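Structural overview for review
Take a look at the letters that make up each chain.
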Amino acid sequence: DSQGYKYVAEGRVLKVSKGAFIVIKGQFSRGLYKLQGSTVIGSVSVSSSSDQDSDTTRLWHMRLGHMSEAGMCILSKRDLLCGQKTGKLDFCEHCVYGKHRRVKFSTTIHKTKGTVDYIHSDILGPSRVVSKGDARYMLTFIDDFSRHVWVYFLKNKNDAFSKFVKFKACIENQTSKKIKHLRTDNGLEFCDSQFNEFCERNGIVRHRTVRHTPQQNGVAERMNRTLLERARCMLFQADLDKSFWAEACNHACYLVNRSPSTAIELKTPFEVFFGTPANYSDLKVFGCPAYAHVNDGKLEPRALKCIFLGYPSGVKGYRLWC
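Here goes a summary of the coordinates provided.

Rules of the game
Residues numbered from 1 in each chain as written. Predicted model: local features only at pLDDT ≥ 70, side-chain atom pairs only at ≥ 80, totals over all residues. Heavy atoms only, no water. Axes fitted to C-alpha atoms, helices over the stretch in contact; angles between N-to-C directions. Helix = DSSP H or I, 4+ residues; strand = E, 2+ residues; numbered from the N terminus. Parallel < 35°, antiparallel > 145°, perpendicular 65-115°, else oblique. Left-handed = near helix turned anticlockwise from the far one by under 90°. Contact = heavy atoms within 4.5 Å. Nonpolar A, V, L, I, M, F, W, Y, C, P; charged D, E, K, R; others polar. Buried < 20%, exposed > 50% of the residue type's maximum accessible area, 1.4 Å probe, protein only. Phe/Tyr/Trp six-rings, centres within 6.5 Å; stacked < 30°, edge-to-face > 60°.

**Description of the packing of helix α4 (residues 160–175) against helix α6 (residues 193–201)**
Following both chains from N to C, one finds α4 and α6 inclined at 20°, their axes separated by 10 Å at the closest point. Relative to α6, the element α4 lies roughly parallel. Here α4 runs over α6; the crossing is left-handed. Across the interface between the two elements, A160, F161, F164, V165 and K168 of α4 pack against Q194, F195, F198 and C199 of α6. Split into classes, the residues belonging to the contact of α4 with α6 amount to seven nonpolar, one polar and one charged.

**A word on the environment of P289**
Topologically, P289 is positioned in strand β10 (residues 289–293). For P289, a relative accessible area of 55% gives the class exposed. For the pair P289 and A238, spaced 51 residues apart in the sequence, the C-alpha separation amounts to 9.7 Å. Residues within four places of P289 in sequence aside, it is in contact with K305 and C306.

**Things to note about the packing of aromatic side chains**
If you walk through the whole model with that rule in mind, you get 20 aromatic pairs. Ring plane angle 75° and centroid distance 5.9 Å describe the contact between F141 and Y152, whose orientation is recorded as edge-to-face. Remark: Y152 occurs in strand β7 (residues 149–154) and F141 occurs in strand β6 (residues 137–143); sequence separation between them is 11 residues. For the pair formed by F141 and Y152, the shared burial category is buried. When the ring of F308 is compared with that of Y311, the centres are 5.3 Å apart and the planes differ by 70°; the resulting orientation is edge-to-face. Each of the two residues, F308 as well as Y311, counts as buried. A connected cluster of aromatic rings, assembled from ring pairs, spans F141, W150, Y152, F161, F164, F167, F190, F195, F198, F270, F273 and F274.

This is how it looks when you write it as structure tokens:
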């Protein structure tokens, strides 16, 4: 009205115009004037023919169970739609509700400059079988630059914070570097006030995933899969009880750090992280028989038959089960 437009409603049709130029046209329906076509402010007015084409296209779209515009175009060209022509399909909200899907997840490349800059973490569990150490969860930390992985086994999810503090102190002391970024999901064990305050106090930037979107924590999720796949294979090969799953995962972690990775140009995580190749001369088969030296008396056996379960951290020896 302020711009000089006139409006008139008669014969159940509302028109807004300026001279002969019709800007808005609406049809009366259920107590309201429903807009026909689109609002035009410019040199082109609402075209009744285009409205009819749009209505025809939308009608056939609904008749054909919300078929795509391309599909209707094919049928129309074959003259199978009662001689009617379809055109461009307007926005259909029902198709959004019925056909909405996630877009393809792109591969994110973290351009980390060195080790310890960016850490991925995730918790696996709870396991239906309790490990020999009464653990039900496995916590992993992966260095983005080297793809070196560390595993910790938890009795409860609430232990994640204390394990992270332990991991941070150990890794920063060994490398003289600071953890700058930490990527996790939105699990409560990673999002409590104690965890958040600790990261803020130490200048660690948190990167979290969108809810129900594990793809955004793909490095940690893929590592968990790799560890479990290897652990299952070793348990089946050794014919050991499922309660040895933590020992198998720990040994799998030891071997993954010494296996070539496509993410780091087929180098091994151990080599990239420590700068020297790993030593493979002491490798043994998981679950193989092992004879431990004992001295329980002059007439007692000098060896005890055990099962090899891996390599203990910080000990120059083997982890055996009697």
